[in-house]
Amino acid sequence: MCAYRSSDWFGKKDKMGFIYRSWMKNQGMPEDMFDGRPVIGICNTWSELTPCNAHLRDIAESVRRGVLEAGGFPLEFPIMSLGETLLKPTAMLFRNLASMDAEESIRGNPIDGVVLLTGCDKTTPSTMMGAASVDLPTIVVQGGPMLNGKYKGHDLGSGTSVWTQTDDLKTGKISYEEFTEAESCMSRSAGHCMTMGTASTMACMVESLGMSLSGMAATPAVDSRKKRIAQLSGRRIVEMVKEDLKMSKILTRAAFENAIKVNAAIGGSSNFVIHLTAIAGRIGVDLNIEDFDKIGSKMPLLLNLMPSGKYLMEDFYYAGGLPAIIKQMGAVLDLDTLTVTGKSHKENIATTGTIYNEEVIHTFNQPMIPQAGIVVLKGNLALNGAVIKPSAATPELMQHRGRAVVFEDIEDYHARVDDPNLDIDETCVMVLKSVGPVGYPGMPEVGNMVLPKKLLDKGVTDMVRISDGRMSGTAFGTVILHVSPESAIGGNLGLVKNGDMIALDVAGKSIHLEVSDEELAVRRSKWKAAPPASNRGYVNLYVNHVQQADKGADLDFLVGGSGSQVTRDSH
């Protein structure tokens, strides 16, 4: 049997070997567990504070069974869990911290291969970023989406229905009692958002990259087949260690291009851009913001799923799941790319990929929307780029010119948005500053600003909205996001004043502030940065080292990786 990485711990025949083995034996592990078999780390983001991941203990047991069946030595370990629904001020602030936790936990321990148990939005990119910087054989097991929400005879989509229910409450269409009743009806099983929010987008990203077993992404959390595929993943990671099938062999440039195209076809979250860029930075693939436009913006929308459509992830699973999308896109994808199975996408879907419901999954030749991928906008308002998700926007607003109504920060927005005296109408452009990586800090999902009550009362359902923040993948609207450079570091967004005219041209990929360079220079001379959000701890480290949105908002010193080698013992 070949010597695996873990033999540097358990294979030593000296004092250190005694220490490493003896203390593990206090858990009742027999001697033959240290005989040189592959040690598999089960990296678990379980937490009751992360509701989407609260079932991952059960999933871990299924993975453990698979590892044991294949002759591996499973060892489960926790890392920081990021719950988008509870964690303040935003889970995105801590994505990079969790990636550091994953990276150092994997590198510093006797692990030959790792299974990443993920679910809620940031747990997937953070663990993948950390694992990529170590580059061991790795497989991802996503916890899966909730069952469809059901309320008064119709479906409720997690996140997406929050925004519609909130608007209805605000305008008196529903009572508060109905509002609270809908809460229980929307979240009725274990799992993450069952819309094409960021969690579902990340699951599809992982599968399209080749980092999970085929069919994983859409399988509901409470479907017994989720545990089945988790157990098979446990078996497979042992074989991956024997084959030395590292992440870097799978995460090639072609794999990233596949993921960008698939994201367009499923109407994936705009957050996909920022997370995929960060993962690419860790594994050493050159990916820039223009690639998302160049590769993905002309791709068709095939999936009829909220917020870009009607259905939910449970329906997607029954209709054929991601293998059906990949098969439909065969003409534009590189299906020969390697996956965690040791085979190509083409081989993985050879006997699957049938569409069982063409209302849910459209064919490539008859898409919902011919061109639906993320569009990158540039102009003097976003010199390094901004993004918009056309499939969730209002077609009539994709070319628009309007007067800016400016909110200097999130507190200003909350204080004034429903003021009946606010000088705003539906033709205006809502501008929110100071919600970028540095400004908030952490770049929260507040870009899809709720419209002023007086406009909702008139029946207005969408307006052009611009910010340097993000929005939930479950959200919708004509929302320009990720403006870079952000306002808090002196980007031109921070110089916008009430009454300035802003021109949006999505087809022309332009976002332009109609203010002269001379006037902008005058404004810049008077601009002052706000005091730092914190002068201690992780937040201070983050603010001083976070890159801008177009670079993936990773910390500058984390880009790349340090590999898996650790040369010094602990005693």
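Criteria and cut-off values
Residues numbered from 1 in each chain as written. Predicted model: local features only at pLDDT ≥ 70, side-chain atom pairs only at ≥ 80, totals over all residues. Heavy atoms only, no water. Buried < 20%, exposed > 50% of the residue type's maximum accessible area, 1.4 Å probe, protein only. Helix = DSSP H or I, 4+ residues; strand = E, 2+ residues; numbered from the N terminus. Pairing = 2+ DSSP bridges. Phe/Tyr/Trp six-rings, centres within 6.5 Å; stacked < 30°, edge-to-face > 60°. Axes fitted to C-alpha atoms, helices over the stretch in contact; angles between N-to-C directions. 1 Å grid on protein atoms, 1.4 Å probe; cavity = no way out; pocket = protein on both sides within 12 Å on 5 of 7 lines; lining within 4 Å. Points joined across faces, edges and corners; volume = space filled by probe spheres on them. Nonpolar A, V, L, I, M, F, W, Y, C, P; charged D, E, K, R; others polar. Right-handed = clockwise from strand over helix to strand, strands pointing away.

*Asks:* Would you mind showing me how to read the pairing of strand β12 (residues 479-484) here?
*Replies:* The side chains of a regular strand alternate between both faces of the sheet. Counted residue by residue, β12 has 6 buried out of 6 residues, so it is predominantly covered. Alignment of strand β8 (residues 382-388) against β12, held across 2 bridges, turns out to be antiparallel. Across the sheet, residue V387 finds its bridge partner in β12, namely L481. As paired elements, strand β11 (residues 464-467) and β12 share 2 bridges and run parallel to each other. Residue I466 lies in a different strand from β12, and its bridge partner there is I480.

*Asks:* Explanation requested: the packing of aromatic side chains in the structure shown.
*Replies:* Each aromatic ring pair is described using two quantities: the centre-to-centre distance and the angle formed by the ring planes. The full count for this structure, using the stated rule, is 9 aromatic pairs. Between the aromatic rings of F272 and F292, the centroid separation amounts to 5.9 Å while the plane-to-plane angle is 85°, which identifies the pairing as edge-to-face. Of the two residues, F272 is situated in helix α12 (residues 271-283) and F292 in helix α13 (residues 289-296); the sequence distance between them amounts to 20 residues.

*Asks:* Before we go on, may I ask you to explain the sheet that holds strand β2 (residues 73-78) in this structure?
*Replies:* Adjacent strands of a sheet form backbone hydrogen bonds with each other and so pair up, either parallel or antiparallel. On the basis of which strands lie adjacent, the open sheet formed by 4 strands has the order β2-β1-β3-β4 and parallel pairing. On the outer flanks of this sheet lie β2 and β4 (138-142), each paired with one strand and no other. Each neighbouring strand pair of the sheet contributes to a mean axis angle of 20°, computed without reference to strand direction. As defined by bridge partners, strand β1 (residues 39-44) adjoins strand β3 (residues 113-118) across 5 bridges and the pair is classed as parallel. Considered in β3, the bridge of I42 is made with V115.

*Asks:* Mind showing me how you'd approach empty space enclosed by the protein here?
*Replies:* Where empty space is left becomes clear once a probe the size of a water molecule has been rolled over the atoms. Applying the stated criterion to the full structure yields 3 cavities of 30 Å³ or more. One number sums up the size of the largest cavity: a volume of about 140 Å³. As for the largest cavity, its lining consists of W163, D167, N448, M449, V450, L451, T461, R465 and F476. Partitioned by chemical class, the residues of the lining of the largest cavity number 5 nonpolar, 2 polar and 2 charged.

*Asks:* Sorry if this is basic, but what is going on with unusual backbone geometry here?
*Replies:* Residues apart from glycine generally show negative phi values, whereas peptide bonds are mostly found in trans. Residues K88 and P89 are joined by a peptide bond in cis, for which omega reads -5°. Cis geometry marks the peptide bond from Y440 to P441; its omega dihedral reads 0°. Summarising the element assignment, P441 is placed in the loop between β10 (429-432) and α18 (453-457). In this model, M443 sits at a positive phi of 65°, which is unusual for a non-glycine residue. Phi is positive for K509, close to 55°, though the residue is something other than glycine. Among the structural elements, K509 can be located in the loop between β13 (501-505) and β14 (510-513).

*Asks:* What's the story with the pairing of β2 in this structure? I'm lost.
*Replies:* Of the pairings in the sheet, the one linking β1 to β2 comprises 6 bridges and is parallel in character. Within β2, the residue paired with I40 across the bridge is P74. For the crossover from β1 across helix α3 (residues 56-69) to β2, the handedness is right-handed.

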